[in-house]
Amino acid sequence: MSCWRPNENSNWQCSSTLETDWQIATLALLHGGAFLILISFMVALISVCTGTRRRFYKPVSVMLFAAVVLQACSLVLYPIKFIETISLRIYHEFNWGYGLAWGATIFSFGGAILYCLNPKNYEDYY
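Residues numbered from 1 in each chain as written. Predicted model: local features only at pLDDT ≥ 70, side-chain atom pairs only at ≥ 80, totals over all residues. Heavy atoms only, no water.

### Details of the overall build of the chain
- Scanning the chain from terminus to terminus reveals 3 helices and 2 strands.
- Taken from the N to the C terminus, the helices and strands of the chain come in the order β-β-α-α-α.
- Burial status across the chain gives 19% buried among its 126 residues.
- A total accessible area of about 9,500 Å² is found for the chain, and carbon and sulfur atoms account for 66% of it. (Helix = DSSP H or I, 4+ residues; strand = E, 2+ residues; numbered from the N terminus. Buried < 20%, exposed > 50% of the residue type's maximum accessible area, 1.4 Å probe, protein only. Areas by Shrake-Rupley, 256 points an atom, 1.4 Å probe, with all protein chains shown as cover.)

### Structural notes on helix α2 (residues 57-85)
- Over its 29 residues, α2 extends 42 Å from the first C-alpha to the last, a length consistent with the 42 Å expected when each residue adds 1.5 Å.
- For α2, the full list of buried residues reads Tyr57, Val60, Ser61, Met63, Leu64, Ala67, Val68, Gln71, Ser74, Leu75 and Pro79. (Expected span 1.5 Å × (residues − 1).)

### Some remarks on the packing of α2 against helix α3 (residues 96-116)
- At their nearest, the axes of α2 and α3 sit 8 Å apart, and the two run at 155 degrees to each other. Here α3 runs roughly antiparallel to α2, going by the angle between their axes. Like other packed secondary-structure pairs, α2 and α3 cross with a definite hand, here left-handed. Here Tyr57, Val60, Ser61, Leu64, Phe65, Val68, Gln71, Ala72, Leu75, Val76, Tyr78 and Pro79 of α2 come into contact with α3, specifically with Tyr98, Ala101, Trp102, Ala104, Thr105, Ser108, Phe109, Gly111, Ala112, Ile113, Tyr115 and Cys116. (Axes fitted to C-alpha atoms, helices over the stretch in contact; angles between N-to-C directions. Parallel < 35°, antiparallel > 145°, perpendicular 65-115°, else oblique. Left-handed = near helix turned anticlockwise from the far one by under 90°. Contact = heavy atoms within 4.5 Å.)

### What about helix α1 (residues 21-50)?
- In a regular helix each residue adds 1.5 Å, so 30 residues correspond to 44 Å; α1 covers 43 Å between its end C-alpha atoms and thus fits that length.
- Regarding α1, the residues found buried are Trp22, Thr26, Gly33, Ser40, Ala44 and Ser47.
- Looking at the buried positions of α1, the neighbouring elements they touch are α2 and α3.
- Looking at the residues trailing α1, positive phi occurs at glycine 51, about 85 degrees.

### Section: a nonpolar patch on the surface
- A cluster of nonpolar residues, Leu38, Phe41, Met42, Leu45 and Ile46, forms a patch on the protein surface that exposes about 480 Å² of accessible area.
- As for its placement among the helices and strands, isoleucine 46 is situated in helix α1. (Patch = residues over 30% accessible without salt bridge, like charges linked within 9 Å, V, L, I, M, F, W, Y side chains within 5 Å. Salt bridge = Lys/Arg side-chain N within 4 Å of Asp/Glu carboxyl O.)

### Describing the packing of aromatic side chains
- By the definition in use, this model includes 6 aromatic pairs.
- With a centroid separation of 5.6 Å and 65 degrees between ring planes, the pair formed by tyrosine 57 and tyrosine 115 is classed as edge-to-face. Of this pair, tyrosine 57 sits in helix α2 while tyrosine 115 sits in helix α3, placing them 58 residues apart in sequence.
- Residue class for tyrosine 115 comes out partly exposed when judged on its relative accessible area of 25%.
- With 6.3 Å between their ring centres and 40 degrees between their planes, tyrosine 78 and tyrosine 98 make a pair best called tilted. Of this pair, tyrosine 78 sits in helix α2 while tyrosine 98 sits in helix α3; the two residues are 20 residues apart in sequence, bridging distant segments of the chain.
- Grouped by ring-pair contacts, the aromatic residues Trp22, Tyr78, Phe82, Tyr98 and Trp102 constitute a single cluster. (Phe/Tyr/Trp six-rings, centres within 6.5 Å; stacked < 30°, edge-to-face > 60°.)

Structure representation (structure tokens):
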């Protein structure tokens, strides 16, 4: 939702920013990835609390890799389609949310790799 007021004495005017299909697809991909990350976090937390960590390593890593794929697709799709629609300016600057989304994607990828490592050999030392 985008709102603006033309001048001080007039009322606010609002319009939806989700006007095209690619914007809705990008939002759906990001929300799908965030949902998978949330579900994998809950599964990992429950498996740690119940003491069955080894049993859920593979499902959590698969969910995290799927979330990384969804988020990376949306984060590549967004600037390509955004620059196609706004052709008047040459220089485009995205705000901090775009960088935050890339950071979350990179950390999810790191978490998925760590869940893929074989922890059987390392649990004996703790």
